[in-house]
Amino acid sequence: MEPLPTAAGGQPQSRGADGGSAYTASATLDDHGVVTGWSAQAHHLLGHTPAEIIGHPATLLLAGPPPHAPPPSTSRWAGTLALRHRDGHTLRLRVLAHHGGTGGGTDDGGDGTGAGRAGGGHDGGGWLVVAAVPASSGDPPVHDAVRGWAFAQSPCPQAVFDSGLRLTWANAAFEDTLGLREAEMRGLRLADLAPGDTARQTETHMRSVLATGRPQHAPAPFAADGSTAAGRNGSPDTRRGDEDGARDGTGAVDGANARHALRATLTPLADPAGTVRGVVLTTHPAAEDPEVRRRAHLLHDAATRIGTTLDTTRTAQELTDLVVPELADYAAVDLIEPSTRARASGPDGQVTVTRTAARSILPGTPEALIALGDTATYPPGSPPAQTLATGKAALYDITEATLARWAAQDPRAAWIREAGTHSVIAIPLTAGGSTLGLAVFSRHRNPVPFSADDLALTGRLAHRAATAIHNARRYARERTTTMTLQRSLLPHTLPEQAALDVATRYLPATTHAGVGGDWFDVIPLSGTRVALVVGDVVGHGIRASATMGRLRTAVRTLADVDLPPDELLTHLDDLVIHLCSDDAGDDQDAETAGGIGTTCLYAVYDPTTRQCSLARAGHPPPAVVTPDHAVHFLDVPAGPPLGLGGLPFETMTTNLPEGTVLALYTNGLLDPHHHDIDQSLDKMFTALAHPAGSLDAICDRVLTTLITHRPTDDIALLVARTRTLPPDHIATWQLPDDPATVAQARHHATTQLTAWGLEETSFTTELLVSELVTNAIRYGKPPIRLRLIHNTTALITEVTDTSNTTPHLRRARTYDEGGRGLLLVAQLAQQWGTRHHPRGKTIWTEQALTPA
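Please read these numbers as outputs of a predicted model, since none were measured by experiment.

1. Structural notes on the overall build of the protein chain
- Secondary structure assignment for the protein chain yields 21 helices and 33 strands.
- Counting over 852 residues, the protein chain shows a buried share of 51%.
- Taking as baseline every contact in the protein chain between residues at least 6 positions apart, the subset at least 24 positions apart corresponds to 64%.
- Here the protein chain has roughly 37100 Å² of accessible surface; of this, 53% comes from carbon and sulfur atoms.

Written as structure tokens, this is what we have:
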């Protein structure tokens, strides 16, 4: 096997598929935050030499606010920091810090800091800070198939290291043991995760496995409770579990007897050609202790049985079901409701909670004197109140005064005496920086009291349940917020118009991914035309909904300018590119936030000509149902999704007989990820072809036919039936290019208004026709056409010529002879505007008609 390449300082590098290198940057700080050591890799990463940074506060390196100080008992901290490079630019790095761990980490200099150390350092105190810098590809170097070679469901902690000895995958048991998520460990070496001589010795064995391809055994660099071989804070932990049983920042629970010796088995990972690509580290108890195996299996079961849904009540019940009868004879979970969390603790120290779950080894759970769903108030000084107040777990036996006093004074604690309880554990449920409630475990049938090992084990189980409950509540809050935003951005009512009968449906996604950014719209245009829009923003959540709102507003603005469909999508494509450019510095989701990948279908229907013009940007084509119930797709040219740029959009124009049904929809309706697309299309065609009395019935039938389970993506459906404006409600005249024709145009208009019974509009219409025709003759180009459209609610006047010059409204000065015409038009008409087309323009006005 060829030797590993090295970087500055002599540290072995792992090499990615693109040839880039990954390395670990490390530094040491004293307890006051002053830099005491600075590795060559840290110099390479941030540009500062050891002489420039050693002896200075580490806060000088921060490009943002400092992180929250960890609790005093915390021996490890993980998080993301914004660091400032020597040249001024900012880097965001995932950082892992160990307290008392300065004796190991990287082996670029033997002492974990490589390039230099000030004042001799202090190996028993201070902080070792490490950061994995990935290869230039942005991902840790690992063969794609490595994940498939490991045993994901093993009850033993397992981790996969690549050929550079950097962690690429860890199973749930490994995460639970170290109290770190895989994302926080990925790219780091074993000596970075568990600083100390044992880790360096294990890495030596791992290199031998890579070189020889033969498995080896070695001491595990950490214990069963996640502490390193050197012990927390540099020394073995001998504190009582019931006094210092609080979880530290990693979610572990301290306890004198919580630690068990482990052994590590190092197994080579070879590809089909026999080349060793990595090493699997598997830890297991050094001795065949049945109790140790039972605890390991219980932790493994917790990974699959706690937090299976986003239901907080079910998660709490899953915790009690797991520990009874395997660990406890009775278990109960009480939660602080989010709405009452601020006032959960009363002025007298009482704590109010809601009984959420309970389980007993006895039928009927007789210990539960509080019904599920009822509130309970714990008196001050009682174990539950102390646990919630201090945030620390506690172990009690019946001889302790605190437990005996609670059992004697609180009627709700009568179960302690009645059941003969002799041992109780109270554990806070904390996650996301807040206390969500507590769990109480007790024994009365099992004669063996709880031990510090049990305290550690229940702490980890409670932490898993608390994390699941916190995630469920956060998801519920985010979903409620997103749904509120989505509803506020979608049209509440459809506008009145005479061109189409319209029905719509919107179904939000019901999965953990959350609500997306699908939308629909109906936009009245000039000349009785109507635009139909359906779009689908990539992604889910609040950002997708907000992006949808931006794009929907942009579409309505562009539609108001009367752009053809292909031009409208071109402008929308440019807008998405600009939005993405503006958001480029925010985060990795900037493209999604800007709308790149959004699909859109834009259609314009004209009831005076029965023409429909359509263009689409990566969106499914619309389905058409003819009056004889034949169903087919409109062959609209497929443009690219928005934001890609450089590719054109095309408009397709077709004639639709009166009574034709158009079905516009988003991709979620067909659910291509879970159903065969051809079968979904056949079902949709069948549902559309079946005669129905109303468009609402068609929408319901389509959804009922296609949606067979909870939708995994948003669904927007818009169904429209075409109308045709009667020919006798449209009057058109070709006018000669002669100023004398203005009087003739007024005469045509007044005669037609009399035929329509609209004599009361004659005076205003004459003025409008006079101004518009005069402008067309003076500034436009022949031929000139006058058209009147009598709609049920409006009278529309249009003058068309072949000039592309757009008139602008301006205020005439005192002695100007012109410039007042359009100002007069704007005052007389309810609204007016200019509509461009390939052979000129049309200036139009609209007057509202009062119903008879």
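Let us keep going from here.
2. Describing the side chain of Q847
- Inspection of the secondary structure assignment puts Q847 in strand β33 (residues 840–848).
- Residue classification places Q847 among the buried residues on the basis of a relative accessible area of 7%.
- A polar atom in the side chain of Q847 sits 3.1 Å from the side chain of T765.
- With near-sequence residues (within four places) excluded, Q847 lies in contact with T761, T764, T765, L768, T793, A794, L795, T797 and Q830.

3. Observations concerning the pairing of strand β10 (residues 262–270)
- As paired elements, strand β9 (residues 216–219) and β10 share four bridges and run antiparallel to each other. Note that in β10 the partner of H217 across the bridge is T265.
- As paired strands, β10 and strand β11 (residues 276–285) are joined by nine bridges and run antiparallel to one another. When the bridges of β11 are listed, L266 appears paired with L281.
- Two successive antiparallel strands, β10 and β11, enclose a turn made up of five residues, where G274 displays a positive phi of approximately 95°.

4. Quick look at the packing of helix α19 (residues 741–756) against helix α20 (residues 762–779)
- Interhelical geometry of α19 versus α20 gives an angle of 145° and a closest axis separation of 9 Å. As for how α19 packs across α20, the hand of that crossing is right-handed. On α20, the residues that touch T741, V742, A745, R746, A749, T750 and L753 of α19 are S762, T765, E766, V769, S770, V773, T774 and I777.
- Across the contact of α19 with α20, the residue classes break down as seven nonpolar, six polar and two charged.

5. As for the sheet that holds β11
- Pairing in this open sheet of five strands is antiparallel, and the strands run β8-β7-β11-β10-β9 from one edge to the other. The open sheet has two free edges, formed respectively by β8 (167–170) and β9, since each of these has just one partner strand. For this sheet the average axis-to-axis angle between neighbouring strands, irrespective of direction, equals 25°.
- The sheet contact formed by strand β7 (residues 158–162) and β11 spans five bridges and is antiparallel.

6. A word on the sheet that holds strand β31 (residues 794–801)
- Across the sheet, five strands lie side by side as β29-β30-β31-β33-β32; this open sheet has antiparallel pairing. Here the strands that pair on one side only, and so sit at the sheet edges, are β29 (730–735) and β32 (831–837). Along the sheet, successive strands turn relative to each other by an average axial angle of 15°, direction set aside.
- Examined bridge by bridge, β32 and β33 share seven bridges and lie antiparallel to one another. Note that in β33 the partner of T834 across the bridge is I843.
- Contacting β29, β30 (784–790) and β31, α19 runs over the sheet at an angle of about 165° to β29.
- Here α20 sits on the sheet in contact with β29, β30, β31 and β33, set at roughly 15° to β31.

7. Quick word on the nonpolar core
- Ranked by size, the top nonpolar core spans 32 residues in total, and within it L319, V323, V333, F441 and L461 carry the most contacts.
- For this core, the secondary structure elements donating two or more residues are α8 (290–305), α9 (312–323), β12 (330–335), β16 (423–431), β17 (434–443) and α13 (452–489).
- It is α13 that provides the largest number of residues to this core, a total of seven residues.
- Here V333 is in contact with A316, L319, T320, T354, R355, T356, A357, L429, L438 and A439, once residues within four sequence places are set aside.

8. Digging into the pattern of salt bridges
- Under the counting rule described, the total for this entry stands at 21 salt bridges.
- In this structure, the salt-bridge partner of D700 is R505, at a minimum N-O distance of 3.1 Å. Remark: R505 occurs in strand β18 (residues 500–507) and D700 occurs in helix α18 (residues 695–706); sequence separation between them is 195 residues.
- Among the salt bridges present, the one from K841 reaches D801, with a minimum N-O distance of 3.1 Å. Of this pair, K841 sits in strand β33 while D801 sits in strand β31; the two residues are 40 residues apart in sequence, bridging distant segments of the chain. Comparing K841 with D801, the two get one shared label, buried.

9. What about the packing of α8 against α9?
- Relative orientation of the contacting elements α8 and α9 amounts to 155°, with a least axis distance of 11 Å. Here α8 lies roughly antiparallel to α9, going by the angle between them. Both α8 and α9 take part in a crossing whose hand is right-handed. Contact with α8, carried on its side by L298, D301, A302 and R305, involves E318, D321 and L322 of α9 and no other residues of that element.
- Residue classes in the contact of α8 with α9 are distributed as three nonpolar, no polar and four charged.

10. Quick notes on helix α11 (residues 401–409)
- Turning to α11, its buried residues number three or more, namely T402, L403, W406 and A407. Down the axis of α11, the buried set is contained in an arc of 130°. They therefore lie on one face. In α11, those exposed residues whose orientation departs by more than 90 degrees from the buried face are A401, A408 and Q409.

11. Concerning α18
- Its 12 residues give α18 an end-to-end C-alpha distance of 17 Å, which sits within 8% of 16 Å, the value for a rise of 1.5 Å per residue.
- Of all the positions in α18, only L695, I698, C699, V702, L703 and L706 are classed as buried. The arc enclosing the buried residues of α18, seen along the axis, measures out at 125°, which places them on a common side.
- Elements in contact with the buried residues of α18: β18, α17 (677–689) and β28 (715–722).

12. Remarks on the packing of aromatic side chains
- Inspection of the entire model under this criterion finds four aromatic pairs.
- Plain terms: the ring middles of Y378 and W406 are 6.1 Å apart, the flat faces sit at 70° to each other, and that makes the pair edge-to-face. Linking Y378 in strand β14 (residues 375–378) with W406 in helix α11, this pair joins segments that are 28 residues apart in sequence. Considered together, Y378 and W406 belong to a single accessibility category, that of buried residues.
- Seen from their ring centres, F633 and F685 are 5.1 Å apart, and the 65° between their planes marks the pair as edge-to-face. Of the two residues, F633 is situated in strand β24 (residues 631–633) and F685 in helix α17; the sequence distance between them amounts to 52 residues.

13. Points about the confidence of the model for the protein chain
- When the pLDDT values of the protein chain are averaged, the result is 79; 79% of them are 70 or greater.
- Every residue in residues 118–123 scores below 50 in pLDDT, and together they form 11 contacts with partners more than four places removed in sequence or on other chains.
- A low-confidence stretch, residues 814–818 stays under pLDDT 50, and its non-local contacts, those more than four residues away or across chains, total four contacts.

14. Overview of unusual backbone geometry
- Cis geometry marks the peptide bond from V324 to P325; its omega dihedral reads 5°.
- The residue P325 is located in the loop between α9 and β12 in this model.
- Omega for the bond connecting P782 with P783 falls within 30 degrees of zero, at 0°, which places this linkage in the cis form.
- Within the fold, P783 resides in the loop between α20 and β30.
- At T528, a position not held by glycine, the phi torsion is positive, near 65°.
- Relative to the helices and strands, T528 is located in the loop between β19 (516–524) and β20 (530–540).
- Within the chain, H629 stands out as a residue other than glycine whose phi angle is a positive 70°.
- The topology assignment puts H629 in the loop between β23 (623–625) and β24.

Cut-off values and rules
Residues numbered from 1 in each chain as written. Predicted model: local features only at pLDDT ≥ 70, side-chain atom pairs only at ≥ 80, totals over all residues. Heavy atoms only, no water. Helix = DSSP H or I, 4+ residues; strand = E, 2+ residues; numbered from the N terminus. Buried < 20%, exposed > 50% of the residue type's maximum accessible area, 1.4 Å probe, protein only. Contact = heavy atoms within 4.5 Å. Areas by Shrake-Rupley, 256 points an atom, 1.4 Å probe, with all protein chains shown as cover. Polar contact = N/O pair within 3.5 Å; in protein donor to acceptor, adjacent residues only side chain to side chain. Pairing = 2+ DSSP bridges. Axes fitted to C-alpha atoms, helices over the stretch in contact; angles between N-to-C directions. Left-handed = near helix turned anticlockwise from the far one by under 90°. Nonpolar A, V, L, I, M, F, W, Y, C, P; charged D, E, K, R; others polar. Core = buried A, V, L, I, M, F, W, Y, C linked by side-chain atoms within 4.5 Å. Salt bridge = Lys/Arg side-chain N within 4 Å of Asp/Glu carboxyl O. Parallel < 35°, antiparallel > 145°, perpendicular 65-115°, else oblique. Arc of directions from axis to C-beta. Expected span 1.5 Å × (residues − 1). Phe/Tyr/Trp six-rings, centres within 6.5 Å; stacked < 30°, edge-to-face > 60°. pLDDT = per-residue confidence, 0-100.

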